[in-house]
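Descriptive analysis of the structure
Each chain, letter by letter, is given below.
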Amino acid sequence: MNAFSRRGACPALSTPMQTGDGLLVRLNPVAGGLLPKALIGLGESALRHGNGIMEVTARGSLQIRGLTPASARLLAVEVDALGIAVRTGVPVETGPLAGLDTKEIVDPRPLAERIRAAIDEAGLAQRLGPKVSVIVDGGGRLTMDAVTADVRLVATRTNAGIKWQVAVAGDGQNAKPLVTVEDDAARDIAVAMLRMIAEKGREGHARDLTERQLISLASWHSFAPPSVLPDISPTWGEIGSFAGGSPSASLAIGESGDEGAISPQVGEMSGRTEGGAVERLPVPARFPIGIFDLTDGRALGIGLPFGSMPAKKLIDLTRHAITFGATQIRLAPQRALLFVGLSPTACHSLQHAAATLGFVTNPTDPRARIAACPGAPACASGRIATRDIAETIAAEDGDILDSSFTLHISGCAKGCAHPGPAALTLVGGENGAGLVVDGTAKALPAGYRPRYDAARGVGRIAAAIRGTRLRGETAATCLARLGAAEIIETYRQE
């Protein structure tokens, strides 16, 4: 099995991955953003070497689709010629406005860089699986709450100053809090946790760690640099940490965890959305769409409908951004781009240009509430025309898609666009367009409609919500009250 067929490694520039519509590469700029001219260059490369589709994933990565083995190599050469440095190794991610947001508790980038350096020094990148990741969230308007990670550090203000809350395996809602510590201890605990995960093997995840190991991590208060931390020893079953010559509590390792644990990033090889983003949609104020005050100027967040856009339209938008004075473009989780360095007038002008081109410019746009993979005919695995169905539902029944409600439209049972459960999931299969209520695309659908008629079935559900929703009730609450059996029957009705 070669690098073009493996689904266990991230589709980086040097290791493109086979998807239903050709090879795919995913790019994460080292600097956290791109010069506008560089994004134009990438768009032109996507037109030359791919199928002309570019995407921003739920984790905020840039993807280029439809490559061949030969064209992927040419693309890599052109990315290098553009001077775009892409990140490799264990992902250590910060927020999309890190260092720029006036509401940020602290700039997370210095701590993130120290963790990256410690990972490299410990040689952990080679020992960890490709799905292991770290988040360092400095707070502010655009947090990383919607993105999951094995190790999660979130800045918090305390009476003793700014500290970091360390949490394990999850997103901003469900990660397990461990301890709140200062910078040095946060770095040490993060690296120690990664060492423990590495001892589980290439399939190891933070969810595999035992309670005993987590308790040991929580009691860690070492300030020793990672370079002097001894390796985890499967023989002795502990890792020692020394501050001022005194050993800290030992960290138990090698204990069997939940063998059925699922990586926080399972499904990342979707070719569209990385599985670490379970996409619990935040309130509109947290959505990366709109105008944001910065320490210098403003940023305008613009979304890609369903995370995808023709490269030609991205090029056109970026040319407008250059005209209006944008100095940098940052990739944002939840499938958006942030154009940095704009004046208030320029923000509104670029917003208008983006809307004309078909981008998402309002956080209440129903297209922002739908997760849809490329589907048929773009993807060879797709059994339904997911994007056409999504557009129809957004146009005709978008009023039911409030912030409580995620609609997932999957071309096949792999569920690439949204690995986690959704209130409603349409999935293409041999029997047509199936409906799963409060589950994933991998679940067996309880009802079907013809592939071409799926949007009408969702329209019937939307009508039921409108007819029965109580004052102030969310769509999700209304669906729960209706019950799965009634929803399925409504979907199936002719």
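Coordinates for the structure precede this section.
Presented here is an overview of the structure given in this document. All residue numbers refer to position in the chain's written sequence, counted from 1. Confidence filtering applies because this is a predicted model: local features only for residues at pLDDT of at least 70, side-chain atom pairs given and counted only at 80 or more, and all residues used for totals across whole chains, interfaces and linings. Side-chain numbers here rest on the full set of heavy atoms in the structure, without hydrogens or water.

Right, let's get into the overall build of the chain. Along the chain, the regular secondary structure elements total 11 helices and 22 strands. Throughout this description, buried means an accessible area under 20% of the type-specific maximum (1.4 Å probe, protein chains only), exposed means over 50%, and partly exposed covers the range between. Each of the 494 residues in the chain was classed as buried or not, and the buried ones make up 56%. By the convention used here, residues are in contact when the closest approach between their heavy atoms is within 4.5 Å. Long-range pairs, those at least 24 residues apart, make up 64% of the contacts in the chain between residues at least 6 apart in sequence. Under the convention used here, a 1.4 Å probe and the Shrake-Rupley method define accessible areas, while residue burial counts only the protein chains that appear. Accessible surface computed for the chain: about 19300 Å², of which carbon and sulfur atoms make up 53%. Helix numbers and strand numbers start at the N terminus; a helix is a DSSP run of H or I with at least 4 residues, a strand a run of E with at least 2.

This part takes up the environment of S14. In this structure, S14 sits in the segment before β1 (17-19). Overall, S14 belongs to the exposed group, its relative accessible area being 67%. In this structure, the C-alpha to C-alpha distance between S14 and A76, residues 62 residues apart in sequence, is 7.3 Å.

It is worth spelling out helix α6 (residues 311-323) at this point. What sets the pattern is the α-helix's 3.6 residues per turn: residues three or four places apart point alike. Across its 13 residues, α6 extends 19 Å between first and last C-alpha, which sits within 8% of the 18 Å expected from 1.5 Å per residue. If you check which residues of α6 are buried, you get A311, L314, I315, L317, T318 and A321. The buried residues of α6 occupy an angular sector of 165 degrees when the element is viewed end-on, so they sit on one face. Residue G325 follows α6 closely and has a positive phi angle near 100 degrees. Residue count minus one, scaled by 1.5 Å, sets the expected span of a helix. Throughout, the arc means the angular range of directions from the helix axis out to the C-beta atoms.

On to the pattern of salt bridges, then. By salt bridge we mean one thing: a side-chain nitrogen of Lys or Arg within 4 Å of a carboxyl oxygen of Asp or Glu. For the structure on display, the rule yields 23 salt bridges. E113 is the partner of R116 in a salt bridge, and the nearest nitrogen-oxygen pair spans 3.0 Å. Remark: E113 and R116 occur in helix α3 (residues 109-122); sequence separation between them is 3 residues, near one turn of the helix. Under the relative-accessibility criterion, R116 is labelled buried at 14%. E113 sits in the partly exposed class, given a relative accessible area of 44%. Residues R466 and D397 are paired through a salt bridge, measuring 2.8 Å at the closest nitrogen-oxygen approach. One end of the pair, R466, is in helix α9 (residues 454-468); the other, D397, is in helix α8 (residues 386-397), with 69 residues separating them in the sequence. With relative accessibility at 7%, the residue D397 sits in the buried group.

This part covers empty space enclosed by the protein. Note on definitions: the grid is 1 Å and covers protein atoms alone; a cavity is a set of points where a 1.4 Å probe fits but cannot get out; a pocket is an open set with protein on both sides within 12 Å along at least five of seven lines; lining residues have an atom within 4 Å of a point. Grid points are joined across faces, edges and corners, and a volume is the space filled by probe spheres set on the points. Taken as a whole, this structure holds 4 cavities of 30 Å³ or more when the rule is applied. One number sums up the size of the second largest cavity: a volume of about 60 Å³. Residue lining of the second largest cavity: F287, I289, G303, L304, P305, F306, Q334, R335, V360, R367 and A368, and that is the complete set. The residue inventory of the lining of the second largest cavity, partitioned by class, reads 7 nonpolar, 2 polar and 2 charged. The residue classification treats Ala, Val, Leu, Ile, Met, Phe, Trp, Tyr, Cys and Pro as nonpolar and Asp, Glu, Lys and Arg as charged. All others, Gly included, are polar.

Further remarks concern the sheet that holds strand β2 (residues 22-27). The pairing criterion is simple: DSSP has to find at least two bridges between the two strands. In spatial order, the strands read β1-β2-β5-β4-β15; together these 5 strands make up an open sheet with antiparallel pairing. Here the strands that pair on one side only, and so sit at the sheet edges, are β1 and β15 (308-310). Pairwise comparison of adjacent strand axes, ignoring direction, gives a mean angle of 35 degrees for this sheet. For β2 and strand β5 (residues 62-67), the ladder comprises 4 bridges, and the chain directions are antiparallel. Bridge assignment links R26 to a residue of β5, and that residue is Q63. Its contacts with the sheet place helix α1 (residues 36-49) against β2, β4 (53-56) and β5, and it is angled at close to 20 degrees to β5. Between N-to-C directions, angles span 0 to 180 degrees; the directions come from axes that are lines fitted to C-alpha atoms, helices contributing only their stretch in contact.

Okay, the packing of α1 against α6 next. Here α1 crosses α6 at 160 degrees, and the two axes come no closer than 9 Å. Relative to α6, the element α1 lies roughly antiparallel. Where α1 crosses over α6, the handedness of that crossing is left-handed. Residues P36, K37, L39, I40, G43, E44, A46 and L47 of α1 form the contact with α6, whose participating residues are A311, K312, I315, T318, R319 and I322. Across the contact of α1 with α6, the residue classes break down as 8 nonpolar, 2 polar and 4 charged. Comment on the angle field: the value is read as roughly parallel under 35 degrees, roughly antiparallel over 145, roughly perpendicular from 65 to 115, and oblique elsewhere. Take the far helix as your reference; a near helix turned counterclockwise from it by less than a right angle gives a left-handed crossing, and one turned clockwise gives a right-handed crossing.

Bringing the pairing of strand β8 (residues 149-158) into the picture now. Bridging between strand β7 (residues 134-137) and β8 involves 4 bridges; their strand directions are parallel. Bridge assignment links D137 to a residue of β8, and that residue is V154. Sheet analysis places β8 next to strand β9 (residues 161-170), joined by 9 bridges and oriented antiparallel. By the bridge assignment, L153 is partnered in β9 with V166. In this antiparallel pair of consecutive strands, β8 and β9, the connection spans 2 residues.

Okay, α3 next. A rise of 1.5 Å per residue sets the reference length of α3, with its 14 residues, at 20 Å; its end C-alpha atoms lie 20 Å apart and thus fit the reference within 8%. Where α3 is buried, its residues contact β6 (92-93), β7, β8, β9 and α4 (183-199). Immediately downstream of α3, the backbone of G123 shows phi near 65 degrees, a positive value.

Time to look at the packing of aromatic side chains. Any Phe, Tyr or Trp ring, taking Trp's six-membered ring, that has another such ring centre within 6.5 Å forms a pair; planes under 30 degrees apart are called stacked, those over 60 apart edge-to-face, and the others tilted. Tallying each qualifying case throughout the model produces 0 aromatic pairs. Here, a charge over a ring is recorded when the distance from Lys NZ or Arg CZ to the ring centre is within 6 Å and its angle to the ring normal is within 35 degrees. Residue placement shows R369 over the ring face of F287; its charged tip is 5.0 Å from the ring centre.

Remark on secondary structure: sheet strands pair via backbone hydrogen bonds, oriented parallel or antiparallel. On the basis of which strands lie adjacent, the open sheet formed by 5 strands has the order β6-β7-β8-β9-β10 and mixed pairing. Pairing within the sheet leaves two strands with one partner each, and these edge strands are β6 and β10 (176-181). Bridging between β9 and β10 involves 5 bridges; their strand directions are antiparallel. Within the sheet, the bridge partner assigned to V166 lies in β10 and is V179.

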